[in-house]
Amino acid sequence: MGSREKNGDLQHLIPLQGLRLPEPNGDSRSSSPADSPPGAPSTARQSGKEALGKVLHSWASKKFMSGCVILFPIAITFYITWWFIHFVDGFFSPFYTLLGINIFGLGFVTSITFIFLVGVFMSSWLGTNLLSLGEFLIQKMPFMSYIYAASKQISVAISPGQGSNAFKEVAIIKHPSAGEYAFGFITSTLVLRKNLGGEELCCVYVPTNHLYMGDIVLVNSKDVMRPDISVREGIEIVISGGMSIPKILTMTNSQNSLSSRAGKYVIPQV
């Protein structure tokens, strides 16, 4: 009996490490400071480095994308311009190479001068007749006739002061359904005869694939909205996919446009 009592007394004297004593509020905490996790400061330091790394990564990504957005159109412009100069220079530079003249840009200047002289010559009576003869021969070719006709329509539409085939004005119409508007070009004006009279219609070309493909819509002249932008600006809007469209479009007075064409068409009364 005496030995058992001594062993029990020794057990009471030995400190129990890691023993959690109940707190008044019901929580239990370690009775030794060694129970706190030894890696807590390093974990906080690591999380701070990760947060700082994310902030720097986000800032660097935004600045890099801003630089790409600024430099991309400049690089494309210089690349296309440089390619165009080399392309035009390649027409006459081989002739100068055969003559032993190697001056960069001389073929480009010669090509530009040649294009100018062609424009002057085609404006004359002889040039117009030769152009008509060339177009007649091209139209007899089955495949080349379609390519020439499509490219000529685009060039005539872009060039101001051409014949009746050019785009007259930029138009906005309600198409294809109510509440939707389409961007197009007025190509001609016609009169639709009816039993009770006539109706003036505008032939509006609505591009569906950049500029060389689209729909032809006949709209009443009173229902055509004419924004205050030129044909060149309208073509730029179509080619850019609408990115270059102004934020605010001001419509011109359609009555003024109709009065300027009042002497061209006579609406018959039946």
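Just so it is clear, the structure is predicted and the values come from calculations on it, not from any experiment.

(A) Spatial organisation of the layout of surface pockets. By volume, the second largest pocket amounts to about 260 Å³. The element that contributes the greatest number of residues to the lining of the second largest pocket is helix α4 (residues 125–139), accounting for four residues. Among the residues forming the lining of the second largest pocket, the class breakdown is four nonpolar, four polar and one charged.

(B) Broad picture of the nonpolar core. In this structure, F167, V170, I172, F183, F185, Y205, I229, V231, I235, I237 and V238 together form the largest nonpolar core, which totals 11 residues. Where this core is concerned, the elements lending two or more residues are β3 (169–174), β4 (181–194) and α6 (231–239). Core analysis: the second largest hydrophobic core is formed by 10 residues, A171, I173, A182 and C202 among them.

(C) Seen up close, the packing of aromatic side chains. This structure, assessed with the given rule, holds seven aromatic pairs. Geometrically, the ring pair formed by W83 and F87 is stacked, given 5.3 Å between the ring centres and 15° between the ring planes. Of the two residues, W83 and F87 are both situated in helix α2 (residues 40–98); the distance of four residues between them amounts to about one turn of the helix. F87 gets classed as partly exposed once you look at its relative accessible area, which sits at 44%.

(D) Looking closely at the sheet that holds β3. Across the sheet, four strands lie side by side as β3-β4-β5-β6; this open sheet has antiparallel pairing. Every other strand in the sheet has two partners, leaving β3 and β6 (213–220) as the edge strands with one partner each. Averaged over all adjacent pairs, the angle separating strand axes in this sheet is 45°, with direction ignored. Of the strand pairs in this sheet, strand β5 (residues 197–209) and β6 are connected by eight bridges, and their pairing is antiparallel. Bridge pairing links V204 to V217 in β6. Where α6 meets the sheet, its contacts fall on β3, β4 and β5, and the angle it forms with β4 comes to roughly 125°.

(E) Representation of the pairing of β4 in the model. Sheet topology note: the β3/β4 ladder contains six bridges and is antiparallel. Bridge pairing in β4 places E169 opposite I186. Count of turn residues in the β3/β4 antiparallel hairpin: six residues, of which G179 carries a positive phi of about 85°. Between β4 and β5, which pair antiparallel one after the other, the connecting turn spans two residues.

(F) A look at the pattern of salt bridges. Going through the model one piece at a time under the given rule, you end up with two salt bridges. Put simply, E169 and R226 hold a salt bridge, and the shortest N to O gap is 3.3 Å. Here E169 is found in strand β3, whereas its partner R226 is found in the loop between β6 and α6, with 57 residues between them in sequence. Overall, E169 belongs to the partly exposed group, its relative accessible area being 24%. Accessibility expressed as a relative area gives 2% for R226, which makes it buried. A salt bridge links K194 to E199, with the nearest nitrogen and oxygen atoms 2.6 Å apart. You can call E199 buried: its relative accessible area is 19%.

(G) Expanded view of the pairing of β5. For β5, the tally of buried residues reaches 10 of 13 residues, placing the bulk of the element in the interior. Relative to β5, β4 is paired through nine bridges, and the arrangement is antiparallel. Within the sheet, the bridge partner assigned to L192 lies in β5 and is E199.

(H) Seen up close, the confidence of the model for the protein chain. Confidence in the prediction for the protein chain averages 76 pLDDT; 73% of positions are at 70 or higher. The model gives residues 257–270 a pLDDT under 50, and that stretch makes 24 contacts with residues more than four places away or in other chains.

What counts, and where the lines are drawn
Residues numbered from 1 in each chain as written. Predicted model: local features only at pLDDT ≥ 70, side-chain atom pairs only at ≥ 80, totals over all residues. Heavy atoms only, no water. 1 Å grid on protein atoms, 1.4 Å probe; cavity = no way out; pocket = protein on both sides within 12 Å on 5 of 7 lines; lining within 4 Å. Points joined across faces, edges and corners; volume = space filled by probe spheres on them. Helix = DSSP H or I, 4+ residues; strand = E, 2+ residues; numbered from the N terminus. Nonpolar A, V, L, I, M, F, W, Y, C, P; charged D, E, K, R; others polar. Core = buried A, V, L, I, M, F, W, Y, C linked by side-chain atoms within 4.5 Å. Buried < 20%, exposed > 50% of the residue type's maximum accessible area, 1.4 Å probe, protein only. Phe/Tyr/Trp six-rings, centres within 6.5 Å; stacked < 30°, edge-to-face > 60°. Pairing = 2+ DSSP bridges. Axes fitted to C-alpha atoms, helices over the stretch in contact; angles between N-to-C directions. Contact = heavy atoms within 4.5 Å. Salt bridge = Lys/Arg side-chain N within 4 Å of Asp/Glu carboxyl O. pLDDT = per-residue confidence, 0-100.

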